[in-house]
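As a plain string of letters, each chain reads:
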Amino acid sequence: MNSREAYALLAASYDSAPNALIALEQRVVDTMLPRAKSAIDIAGGTGRWAKRLACSAVVVDDCEAMLARSEMPSVCADAAVLPFRDACVDLAICAFAIGYCPGAFEEGARLLRAGGHLIVTDVHPERIQDGWRRTFRVADRVIEPPSTIYKLADLCDSRLVLERMVEAPLGAQERAMLVAAGKEVPDGPAIFA
């Protein structure tokens, strides 16, 4: 099943189900958020990040079921072909979606005004190489949408300058969440931002 269909199944519980990687990502990215007047939450699902931003923000996702749960202005579109003009926002954020839609990185760069910021997060590629899979559980089903394997070095664009890279290991709280869920607790970075 493709990621759109998979996330349609997950939409009802996405914001309420405990998720160690999302908890870690939020802790890390909260320290990175710049001031912005406008933002786009690319492949933003329910608008988790757009809701947290203190600016005008829009959520874009290709899953109508996820967008239906968003409280923010939203647009249903493919993250690799966003229906916005070049240089239209100060901040673009793409959380846990590059593996499903690598083109979202270039689109985020395209949308930024001069001096803008692109924040990208995902499962750390080293964990994927170690055998981690992008899976989630809905009822008694384990769902693994298809994803692209990449390296951090693949995430580059001549329009961007890397200001900060965080390769974050799990903290005590996130480790406890994984243990409680009966999942493997890795050494090394679990996500990058």
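Note that the structure is a prediction, hence the values are computed from the model and not measured.

With respect to the nonpolar core
And step 1. Judged by nonpolar contacts, the single largest core of 42 residues is most densely connected at Y7 and L21.
And step 2. For this core, the element with the highest residue contribution is helix α2 (residues 20-29), accounting for six residues.
And step 3. Those residues in contact with Y7, other than ones at most four positions away along the chain, are Y14, C63, M66, Y100 and F136.
And step 4. Counting 22 residues, the second-largest nonpolar core is a separate cluster that includes V60, V89, I98 and F192.

Overview of α2
And step 1. Taking burial as the measure, the 10 residues of α2 include seven buried ones, the bulk of the element.
And step 2. Those residues of α2 lying buried are A20, L21, I22, L24, E25, V28 and V29.
And step 3. Close packing links the buried residues of α2 with α3 (48-52), β4 (89-95), β5 (112-123), β8 (167-169), α7 (172-180) and β9 (189-192).
And step 4. Where α2 begins, the side chain of N19 points an oxygen toward the backbone nitrogen of L21, at a separation of 3.0 Å.

Observations regarding the sheet that holds strand β3 (residues 74-76)
And step 1. Pairing is mixed in the open sheet, where seven strands are placed in the order β3-β2-β1-β4-β5-β9-β8. At either margin of the open sheet sits one strand with a lone partner, and together these are β3 and β8. Within this sheet the neighbouring strands show an average axis-to-axis angle of 25 degrees, counted without direction.
And step 2. By the bridge criterion, three bridges tie strand β2 (residues 56-61) to β3 in an arrangement that is parallel. If you follow V60 over to β3, its bridge partner there is V75.
And step 3. Strands in contact with α2 are β4, β5, β8 and β9; relative to β9, the strand with the most contacts, it is inclined by about 60 degrees.

Conventions adopted
Residues numbered from 1 in each chain as written. Predicted model: local features only at pLDDT ≥ 70, side-chain atom pairs only at ≥ 80, totals over all residues. Heavy atoms only, no water. Core = buried A, V, L, I, M, F, W, Y, C linked by side-chain atoms within 4.5 Å. Buried < 20%, exposed > 50% of the residue type's maximum accessible area, 1.4 Å probe, protein only. Helix = DSSP H or I, 4+ residues; strand = E, 2+ residues; numbered from the N terminus. Contact = heavy atoms within 4.5 Å. Polar contact = N/O pair within 3.5 Å; in protein donor to acceptor, adjacent residues only side chain to side chain. Pairing = 2+ DSSP bridges. Axes fitted to C-alpha atoms, helices over the stretch in contact; angles between N-to-C directions.

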